[in-house]
Amino acid sequence: MHKISVLLAAVLFFCFNSFGQTAVITGTLSDGAEKKPVYNSVVALLTPVDSFLYKFTRTDANGNFTIKNAAAGNYILMTAHALYADYTDSIYVKDVETNLGTISLLNKSKLLQDVIVKTGSAIKIKGDTTIYTADSFRVSANANVEELLKKLPGIQVDKNGEIKAMGEKVTKVLVDGEEFFGDDPGMAVKNLRADAVKEVQVFDKKSDQAEFTGIDDGNTQKTINLKLKDNKKRGYFGKIDASGGPQKIIDDRYNTNLLFSSFKGKRKLSAFVLNGNTGQDGLSWQDREKFGGENDNLSMSMDDDGEISYQWTGGNSDDEPYVDTENGFIRNTNAGLQYSNKWNDKQTLNVTPKYNSQIYTNNTNRFTQNQFGDSVLNENANTAINVNRSNFKISGTYDVKLDSNNTIKFTAKTNLYNTTSNEKENSSTSGAKDILKNSSDRILNTDSDKESYFGSVLFKHRFKKARRTFSINSSWNLLNNEGESFLKSTNTTFKNGSTSSIQQLNQNKISDRTNQNISANIVYTEPLSKKYSLEASYQITSNKGSNNQTTYSYSDLTGKYDYLVDSLSNQFRQSITINKPSLKINYNSKKIKYSFGSGFGFTSFDLLDQTFNKDYQRNFTNFFPAASFAYTYKSNHNLRVNYNGNTSQPSLNDLQPLRNNANFFNQFIGNPDLKPSFTNSFRLSHNSYNFLKEMSTYQSINIRTVSNAISYSKITDLDSGRTTTKPINTNGNISINFYGGTWFKIKKLDLQVGVNPNIGFNKIANVINNKNSFSKTLNSGLSLYLSKSKEKKYDFSLNNNFANNRNTTSQNNETKKFNTYNLSLDATIYYKKTWSFSTDYNYFVRQKTPDFQTNLSNQLWNAKLQKTFKKDAFTAYVIFRDILNQNIGIDRRFNDISVSEVQNDRLKRYVMIGFTWNFKNKATDPSK
């Protein structure tokens, strides 16, 4: 879904309303205790999107105020007076006159818990936005924004850089309301200096459509906006960071990071180059979806924004090895450029090209045990992979305000990928008493090119009548995937421990896959009354795809791959058309907001197996109900309820009846009879904050049920150990999850405390050897967080996390139980303002089970000693990683009838010496 900046939305709001009908706003300010008028107080109207100042005035000697020529619509009213606490409230302005009556203000000397905004506080709340004053939270010299976020109550950053705010995953980080290097959150939080940030704003960003119409469509993203200090928006700044050190096992360790930014007025120009082999500056926590973590069980797709993603399918995808950037060894180069500018408040341009290159190696040992009633199959596999991949991506938006009532936005994106890989694997499967069932040795070489192109046009028109709007959004995306692979394998089947058959494969597979999606969505909104409005929309989507797979065997006679393998070759076409009309009613008042409605989807499937000249035509009618309810029962206390129903279409890989034999004893075949799945999603959430007690709480319950879920049927021959997987539709999938948190401050100890409980239940239906199998997991946990700091003395935080896990499978009627425990400590000690020593320690324990007779535990300890020079412009440091040399890459999992343990390569103990230069011109120096 296309995004626009908060600032741009505010400007559009101002421009649109300035040409509409105008009104007069009147009222009186009074001392709440003494009932006397409050004179010479500022009374301001702010736009609801990001509190942009629209109009303001001052009260007269009698406390009266009048704001003239205000356009009808929603605003935030705010007062400011030296002797009284600030007051904010959401108001709706009528077309002619709005009288707000008498507004009682609280004297600062008698401040009570009903204060809406506490002047100078570290945390403020405006509407649905939580605002943190950055300078109220102490960080080390030259710290980046990621370190700042770790200090903020209600925000968590894990070891992989994933950010959560109030328990929800943050999917977008903006800088002054604009995307920073596209939509990569890691670039902003890892490379911007914390001392450049004035405020950290956390909110649920609405879709373009919802921000335009004012009608909540339920599509939001948890977003962080970094508002920079004014003196950081002029001139240039950046940093150069280089570090290195010896590492005997693989090669020397090194990292080099360069970042440069130049701001002038509304023009922003930034560039970066990152290069290293420690994994510290590799792919960010969202990049697996954006760059592609490819393997045999991932299906490539593209979303409405042209982003490539990979979804678990069970097997019939590209024959590329799985790239897990948390394991193995990586050498990477990342580079990017961002240019954004705005002219005359009418035209906005944002262009971001980026390049990424990776060389990845990993060795994996995998043990898997499958329990079929009284029969057991044990599989052992050793895999060595080498991957070389590169990606070039460019995205751009051009937003034009045609006049006061019309705007148009163009978006274009291109992603170009190339991947070459080599995988060597030897595996064996045995039964009872370690009697061999099969063994396989294979080499798989692949070379693939992927291209995605995306374009969209969004036109918006606002009528003179408030809340009457019209918009049309059309989009086109194209995904091409061309690949070639060479498979050599020797596959041996045993009977009673003796060889019964040997099959050797020497094959060349050529694939050509294309998927094109064209969509148009028309939306009209009409006010029914002061508080009610209607939204009518019609969406049509056409999805066409083709997948041509051709496999040739090597011929000894010709010395070429020229013998066509019919059973592994197929040409398949897909055409899916969806028509979706919908209606929605919206209610909006000061404390209560709700909406309800539904869409009806008429889906037509036309699938053609050209190889066998077989056509699959089907039609489906789907119901898309949606409802939302929001209740602000008092200041800074919100209750929200959301429900959505939607369908998911099967992927082209799942539909095509083509066998994938990249792993001879674990093969996958598609199913053209698949139906779309339907998901019911329900969410209940509550958030509250108490300024005087400095306490915040949040709770959320999420429930999802899926009918016609796309699951998998697995047929295993117990004599040979060979498994065939096929996607099917099943019922009974459900997930229920609760998370919550309480953050408060013990003022006598100056100690921040956080308590976070969570519990989750998941039930997944599959079919194993023609029997229904239900896998159930129940996970519960509790974490305790403590944080204490003293400026220029020390920073300390402790996180203690305990979890209980229960896995049950219906086929074996067996429950596996185990506990996990994680203790993490972060501490920094400062000495004489220029010296600091920081360390982080992580202790992890996973309890043993009947399948694994030992606990899985390790301790990770890192440290950094640094000294700054020249007013913190230069920093020299020494980094110690994995001091205890216990960074192990072991993962244990339970799934249906399987238990598995995987061991990967991991980068262990090393030391690096580094130097950083943080440069800036005088215009960005706060002392100037």
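Residues numbered from 1 in each chain as written. Predicted model: local features only at pLDDT ≥ 70, side-chain atom pairs only at ≥ 80, totals over all residues. Heavy atoms only, no water.

1. Regarding the overall build of the protein chain
A count of helical and extended segments in the protein chain gives six helices and 51 strands. The buried share of the protein chain, reckoned over its 928 residues, is 50%. Considering only residue pairs separated by 6 or more positions, the protein chain has 64% of its internal contacts joining residues 24 or more positions apart. Taken as a whole, the protein chain presents about 42,300 Å² of accessible surface, with 53% of it coming from carbon and sulfur. (Helix = DSSP H or I, 4+ residues; strand = E, 2+ residues; numbered from the N terminus. Buried < 20%, exposed > 50% of the residue type's maximum accessible area, 1.4 Å probe, protein only. Contact = heavy atoms within 4.5 Å. Areas by Shrake-Rupley, 256 points an atom, 1.4 Å probe, with all protein chains shown as cover.)

2. Notes on the nonpolar core
The biggest cluster of nonpolar side chains holds 31 residues, and the ones touching the most others in it are Leu149, Ile155, Ile163, Val200, Ile224 and Leu226. At the level of secondary structure, the elements contributing two or more residues to this core comprise α2 (145-149), β10 (155-157), β11 (163-165), β13 (172-175), α3 (185-191), β15 (197-206) and β16 (220-228). With residues up to four places along the chain from it excluded, the contact list for Ile224 reads Leu149, Ile155, Ile163, Val170, Lys172, Val173, Leu174, Val200, Gln201 and Val202. Counting residues in each nonpolar core, the second largest holds 19 residues, with Val38, Val43, Ile67 and Leu77 among its members. (Core = buried A, V, L, I, M, F, W, Y, C linked by side-chain atoms within 4.5 Å.)

3. A few points about a negative patch on the surface
On the surface, a cluster of negative charge is contributed by Asp447, Asp449, Glu451, Glu482, Glu484 and Asp512. Contributions of two or more residues to the negative patch are made by β26 (436-462) and β27 (469-495). Among the elements that line the negative patch, the one with the most residues is β26, at three residues. Taking the relative accessible area as the measure of exposure, Glu451 reaches 30% and is therefore partly exposed. (Patch = residues over 30% accessible without salt bridge, like charges linked within 9 Å, V, L, I, M, F, W, Y side chains within 5 Å. Salt bridge = Lys/Arg side-chain N within 4 Å of Asp/Glu carboxyl O. Lys, Arg positive; Asp, Glu negative; His and termini not counted. Charge placed at Lys NZ, Arg CZ, Asp CG, Glu CD.)

4. Considering the packing of aromatic side chains
Considering all chains together, one arrives at 20 aromatic pairs under this definition. On the numbers, 6.4 Å between centres and 75° between planes, the contact of Phe463 with Tyr524 is edge-to-face. Linking Phe463 in the loop between β26 and β27 with Tyr524 in strand β28 (residues 498-527), this pair joins segments that are 61 residues apart in sequence. Relative to Phe665, the ring of Phe664 has its centre 5.0 Å away and its plane inclined at 90°; by these criteria the two rings are edge-to-face. According to the relative accessible area criterion, Phe665 is buried, its value standing at 5%. By the ring-pair criterion, three or more aromatic residues cluster together here, those being Tyr236, Phe260, Phe874, Phe915, Trp917 and Phe919. Looking at Lys268, its charged tip hangs above the ring of Phe263, at a distance of 5.5 Å from the centre. Taking the ring centre of Phe774 as reference, the NZ or CZ of Lys763 above it sits at 4.7 Å. (Phe/Tyr/Trp six-rings, centres within 6.5 Å; stacked < 30°, edge-to-face > 60°. Lys NZ or Arg CZ within 6 Å of the ring centre and 35° of its normal.)

5. Structural notes on the pairing of β13
Burial along β13 is two-sided: Lys172 and Leu174 facing one way and Val173 and Val175 facing the other are all buried. For β13 and β16, the ladder comprises four bridges, and the chain directions are parallel. When the sheet's bridge partners are listed, Val173 is paired in β16 with Ile224. Pairing of β13 with strand β14 (residues 178-179), which is carried by two bridges, proceeds in the antiparallel orientation. Paired with Val175 across the strands is Glu178, a residue of β14. Between β13 and β14, which pair antiparallel and follow one another directly, the connecting turn spans two residues, one of which, Asp176, has a positive phi of 55°. (Pairing = 2+ DSSP bridges.)

6. A closer look at the sheet that holds β11
Ordered by their spatial adjacency, three strands build an open sheet running β10-β11-β12, and the pairing between neighbours is antiparallel. The open sheet has two edge strands with one neighbour each: β10 and β12 (168-169). Direction of pairing for β11 relative to β12: antiparallel, over a ladder of two bridges. Each residue of the ladder has a partner; that of Ala165, found in β12, is Glu168.

7. Details of the confidence of the model for the protein chain
When the pLDDT values of the protein chain are averaged, the result is 83; 86% of them are 70 or greater. With pLDDT under 50 throughout, residues 1-20 is counted as low confidence; its partners more than four residues away or in other chains account for 65 contacts. Counting contacts from residues 281-318, a segment whose pLDDT is below 50, to residues more than four positions away or on other chains yields 152 contacts. (pLDDT = per-residue confidence, 0-100.)

8. Description of unusual backbone geometry
One non-glycine residue, Lys433, lies in positive phi territory at about 60°. For Lys433, the position within the fold is in the loop between β25 (406-430) and β26. Of note, Lys832 is a non-glycine position whose phi angle comes to about 50°, a positive value. Residue placement: Lys832 occurs in the loop between β45 (814-831) and β46 (835-846). Look at Lys832 and you get exposed, because its relative accessible area is 61%.

9. Let's talk about the pattern of salt bridges
In a structure, side chains of opposite charge can pair up when their charged atoms sit close to one another. A full pass over the atoms with the stated rule returns 14 salt bridges. Here Arg366 and Glu425 are joined by a salt bridge, their closest N and O atoms 3.9 Å apart. You can see Arg366 sitting in strand β23 (residues 347-372) and its partner Glu425 sitting in strand β25, a full 59 residues away along the chain. What makes Glu425 buried here is its relative accessible area of 8%. Through salt bridges that share partners, Arg366, Glu379, Glu423, Glu425 and Arg442 make up one connected network.

10. Considering the sheet that holds strand β5 (residues 73-81)
Read across the open sheet, the four strands follow the order β3-β2-β5-β6; overall the sheet is antiparallel. Of all the strands in the sheet, the pair left with one neighbour each is β3 (53-58) and β6 (84-93). If you compare each strand with its neighbour and ignore which way they point, the axes differ by 20° on average. Looking at chain direction, strand β2 (residues 42-46) and β5 are connected through five bridges and run antiparallel. Across the sheet, the residue bridging to Val43 is Thr79, located in β5. (Axes fitted to C-alpha atoms, helices over the stretch in contact; angles between N-to-C directions.)

11. Some words on the pairing of strand β44 (residues 794-809)
Walk down a regular strand and you will see the side chains alternate between the two sheet faces. The pairing of strand β43 (residues 771-790) with β44 spans 16 bridges and is classified as antiparallel. Each residue of the ladder has a partner; that of Leu782, found in β44, is Phe802. Counted along the chain from β43 to the antiparallel partner β44, the turn is three residues long, and its residue Lys792 has a positive phi close to 60°. Relative to β45, β44 is paired through 16 bridges, and the arrangement is antiparallel. When the sheet's bridge partners are listed, Phe796 is paired in β45 with Ala827. Where β44 folds back on β45, the antiparallel hairpin that results is connected by four residues, among which Asn813 adopts a positive phi of roughly 50°.

12. Some remarks on the environment of Gln539
Relative to the helices and strands, Gln539 resides in strand β29 (residues 532-555). C-alpha of Gln539 to C-alpha of Ile578: the two residues are 39 residues apart in sequence and 8.0 Å apart in space. For Gln539, the contacting residues outside a window of four places in its chain are Ser519, Ala520, Asn521, Ile578, Asn579 and Lys580. Here the side chain of Gln539 touches Ser519 through a polar contact of 3.4 Å, side chain to side chain. (Polar contact = N/O pair within 3.5 Å; in protein donor to acceptor, adjacent residues only side chain to side chain.)

13. Let's talk about a nonpolar patch on the surface
On the surface, Ile240, Leu258, Val273, Phe915 and Trp917 cluster together to form a nonpolar patch covering roughly 420 Å² of accessible area. By relative accessible area, Leu258 is classed as partly exposed at 40%.

14. Thoughts on the side chain of Ser824
Secondary-structure assignment places Ser824 in strand β45. Once you skip the residues sitting within four places of it in the chain, Ser824 turns out to touch Ser797, Leu798, Asn799, Tyr841 and Asn842.

15. Brief notes about the environment of Thr815
Mapped onto the elements, Thr815 comes out in strand β45. The exposure class of Thr815 is partly exposed, given its relative accessible area of 38%. Once the C-alpha coordinates of Thr815 and Thr777 are considered, the two residues, 38 residues apart in sequence, prove to be 9.4 Å apart. Not counting residues within four places of it along the chain, the set of residues in contact with Thr815 comprises Arg806, Asn807 and Thr808. Engagement of the side chain of Thr815 in a polar contact is seen with the side chain of Thr808, the distance being 3.0 Å.

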